[in-house]
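Residues per chain, in single letters:
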Amino acid sequence: MSKNKKNIAEAILKARERGVSDEEIVRIIKNKNPKKLSFFNILEKRGLKEGEILDEIIQDKKEESNPYSLLKPFSGNIKAPLKSKLKYVFLGTFLFFGGVFAFLFFYFRTPLSKEITERDFANFQLSRSEVAGIIEPSVVKIGYAISGNVEIEPFNINLENFHVTRSFTGETSVLPLEEIYWEGTGFVVDPHGLILTNAHVVNSDYIKKSLALQIFASAIMEEQINLIWEGRHEEAQRVEKRVEEVFQEADFQEAANMMRASIEGILNVMSFDVQEKGIVFNPSSESERINELTQEGFPFEILEFDLEWFYNYKDVALIKIEEENLPAAYLGDSSSARIGGSIYNFGFPATSGIMDTRHNFMRGNFKKANIFPSIRIGRSYLRPSFTSGVITALKTEPKGQFDYIETDAKASPGSSGSPIINEAGEVIAILSVGTPEMEGMTGDSFSRAIPINLFKEMSDIFSQESKGDYYNHFKRGLYFMHEKKCKNALEEFDLAIKGVNENFRAKENVKIFKERCNDLINIGASIDNRWDEMMKNLFGG
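Owing to the predicted nature of the structure, the values given are computational and were not obtained by experimental measurement.

Tracing the backbone shows Glu136 in the loop between helix H7 (128-135) and strand S1 (139-152). Here the side chain of Glu136 touches Arg383 through a polar contact of 3.0 Å, side chain to side chain. Side-chain polar atoms of Glu136 contact the side chain of Asn509, separated by 3.2 Å. Once residues lying within four places of it in the same chain are set aside, the contact partners of Glu136 are Phe346, Arg383, Pro384 and Asn509.

Moving on, we get to the pattern of salt bridges. Per the counting criterion, the structure on display carries 15 salt bridges. For Arg505, the salt bridge goes to Glu508, with nearest N and O atoms at 4.0 Å. Classification of Arg505 as buried rests on a relative accessible area of 12%. Residue classification places Glu508 among the partly exposed residues on the basis of a relative accessible area of 43%. The structure contains a network of salt bridges with shared partners spanning Glu230, Arg232 and Glu235.

Counting across every chain of the model gives three cavities of 30 Å³ or more. In this structure, the largest cavity encloses a volume near 100 Å³. In terms of lining, the largest cavity is formed by 14 residues, of which the most central are Glu136, Val139, Pro283, Leu382 and Arg505. Considering every element that reaches the lining of the largest cavity, the biggest residue donor is S1, with three residues. Partitioning the lining of the largest cavity into residue classes produces nine nonpolar, one polar and four charged.

This part takes up the pairing of strand S6 (residues 270-280). Consecutive side chains along a regular strand alternate between the two faces of the sheet. Two elements, S1 and S6, share eleven bridges in a ladder whose sense is antiparallel. By the bridge assignment, Gly143 is partnered in S6 with Ile279.

Here we take up the sheet that holds S1. Two strands in a sheet stick together by hydrogen bonds in their backbones, pointing the same way (parallel) or opposite ways (antiparallel). The strand order around the closed barrel formed by six strands is S1-S4-S5-S8-S7-S6, and the pairing between neighbours is antiparallel. On average, each strand axis in the sheet is tilted by 40° relative to the strand beside it, whichever way the strands run. Relative to strand S8 (residues 317-321), strand S5 (residues 194-197) runs antiparallel, the two being bridged by four bridges. From the neighbouring strand, Leu196 faces S8, where its bridge partner is Leu318. Packed on one face of the sheet, helix H8 (residues 205-229) meets S1, strand S4 (173-190) and S6 and runs near 140° to S6.

Between two packed helices, what matters for the description is the angle formed by their axes and the separation of those axes. Their axes nearest at 10 Å, the elements helix H16 (residues 486-497) and helix H17 (residues 506-522) cross at an angle of 170°. Taken as axis vectors, H16 and H17 run roughly antiparallel relative to one another. In the crossing of H16 with H17, the sense of the turn from one axis to the other is left-handed. Facing H16, whose interface residues are Cys486, Lys487, Ala489, Leu490, Phe493, Asp494 and Ile497, H17 presents Ala506, Lys507, Val510, Phe513, Lys514, Cys517, Asn518, Leu520 and Ile521. When its residues are assigned to classes, the contact of H16 with H17 shows eleven nonpolar, one polar and four charged.

Let us now look at the packing of aromatic side chains. Enumeration over the complete set of coordinates arrives at 15 aromatic pairs. Aromatic side chains Tyr344 and Phe386 sit 5.3 Å apart centroid to centroid with 20° between the ring planes, which places their arrangement in the stacked category. Here Phe386 lies in strand S10 (residues 385-396) and Tyr344 lies in strand S9 (residues 342-347), a separation of 42 residues in the sequence. When its relative accessible area of 28% is taken as the criterion, Phe386 is described as partly exposed. Between Tyr479 and Phe480 the ring centres are 5.9 Å apart and the planes differ by 75°, which places this aromatic pair in the edge-to-face class. Residue class for Tyr479 comes out buried when judged on its relative accessible area of 11%. Taking relative accessible area as the criterion, Phe480 reaches 1% and is therefore assigned buried. When the ring centre of Phe272 is taken as origin, the NZ or CZ atom of Lys208, which lies over that ring, is 5.1 Å away. Sitting over the face of the ring of Phe310, Lys209 holds its NZ or CZ atom 6.0 Å from the ring centroid.

Attention now moves to H7. For H7, the buried fraction is high: six of the eight residues fall into the buried class. For H7, every residue scored as buried is listed here: Glu130, Val131, Ala132, Gly133, Ile134 and Ile135.

Another aspect to go through is the nonpolar core. Among the nonpolar cores identified, the biggest contains 49 residues, and Phe155, Met270 and Val280 are the most heavily contacted of them. In terms of residue count, the dominant contributor to this core is H8 (nine residues). Residue contacts for Phe155: discarding those within four places in its chain leaves Val164, Thr165, Arg166, Ser167, Ile215, Ala219, Ile266 and Val269.

For the pair H7 and H17, interaxial distance at closest approach is 8 Å and the crossing angle is 135°. Taken together, the axis directions place H7 and H17 in an arrangement best described as oblique. Contacts between H7 and H17 involve Ser129, Glu130, Ala132 and Gly133 on the former and, on the latter, Asn509, Phe513 and Arg516. Classifying every residue of the contact of H7 with H17 gives two nonpolar, three polar and two charged.

Reading guide: rules and limits
Residues numbered from 1 in each chain as written. Predicted model: local features only at pLDDT ≥ 70, side-chain atom pairs only at ≥ 80, totals over all residues. Heavy atoms only, no water. Helix = DSSP H or I, 4+ residues; strand = E, 2+ residues; numbered from the N terminus. Polar contact = N/O pair within 3.5 Å; in protein donor to acceptor, adjacent residues only side chain to side chain. Contact = heavy atoms within 4.5 Å. Salt bridge = Lys/Arg side-chain N within 4 Å of Asp/Glu carboxyl O. Buried < 20%, exposed > 50% of the residue type's maximum accessible area, 1.4 Å probe, protein only. 1 Å grid on protein atoms, 1.4 Å probe; cavity = no way out; pocket = protein on both sides within 12 Å on 5 of 7 lines; lining within 4 Å. Points joined across faces, edges and corners; volume = space filled by probe spheres on them. Nonpolar A, V, L, I, M, F, W, Y, C, P; charged D, E, K, R; others polar. Pairing = 2+ DSSP bridges. Axes fitted to C-alpha atoms, helices over the stretch in contact; angles between N-to-C directions. Parallel < 35°, antiparallel > 145°, perpendicular 65-115°, else oblique. Left-handed = near helix turned anticlockwise from the far one by under 90°. Phe/Tyr/Trp six-rings, centres within 6.5 Å; stacked < 30°, edge-to-face > 60°. Lys NZ or Arg CZ within 6 Å of the ring centre and 35° of its normal. Core = buried A, V, L, I, M, F, W, Y, C linked by side-chain atoms within 4.5 Å.

Structural data, given as structure tokens:
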């Protein structure tokens, strides 16, 4: 206790001994010590009366405490010594700047958002190599074979209307089919084994109707030769003129109907005793012999196709293999196709393979196909070919039911069923048929593709909602890679191939882009957090 305070306590005790009231003692102290007014005011605010205040002062005399012990409950209102004040100032400053540093540290180390606006994603265009990388695992090679015998009953052809009727004279002929084989392309549209291709790639009706067409044409030619042989040249010329009138000069619909009736008439006198087999080749096969590749392939089931596809040009089929977690391509909107727009084609042209037996068949060689079970092939046999071009025209098919997409992207037999892809990596059409150049004749090399929207309208099974995550994550990864947000990109690439069927080589394609991202990270060019982003904004790069 201070000396001053101790003297006040002794004075209070003496004053009480002389009979001075507590009120008078407090008044005297206040008058003689104006500096103590705040001290008395504080005690009064505690509800203490004069006598109790004086008792507090006297009691404090007996305690060993600091000079401000009476005022401890109100020490916040008393100025602390300078040394104590500096201690608290230093502590507050440390806590403030420490908090700011911690906030900035964690703020700038926070990974950048993985959100992508729909607008940014819609405007994101892939490079050619990126389109190839994202689509290639979805593209598959398809093989189909038919073998056996065909019995053809004798028939007559009316040379005026070309109707075919059975003949009750003549002998039934037998035509052997020694494994007629053809190839095509398809692409995965659903991770549960759904593959889209052309109907003529996976359907023996193509061979049967094509065979009937050739028998019909041969029968007319044979009739003309017989007339010439018999010296009936005028009749032979009349037959030739009638053929021109019907199949070259007549209204398309009339000629089409007549041709259809003729083909169906020939099919009615034909009996097929054949075996058929179709496979989707296993993309991961490393065999170098065609028979081994065939054994390693996946048999397929035809789920959907238009029964009238041979006549109405809706040459589309949906097939299924018993494999799961396939890397599905994304089907875009073919109504957005515009003349001059860049497109890509990914398929298996026969010219880069080992055979073209369908082309051989169409030239009339029915007995032997250019395939042998022991033939040796290269390991690139199951790698598709990537070509590019533009949309050259949007033309209405002959019956006026839909507009097909014409393109100058190079294609050939074997490419049938290939996806036509836009710059966003979306499939917008299915390659179906080529111009005469593809059939070995002269002319410009264009190909025609069926718009993907037609398939969407036809299918009762396919749903884009079940496409899986492969395409979405892969493209998101490419988007982040373009933005140099490589850690986000690597996460998306890993999600793209997570659980994907090993047979479809998706990991090989993703690996290339992951390596690019890792290179950017290693040289410090990756923008993975807010600090990286700030440095880029300040210094560019």
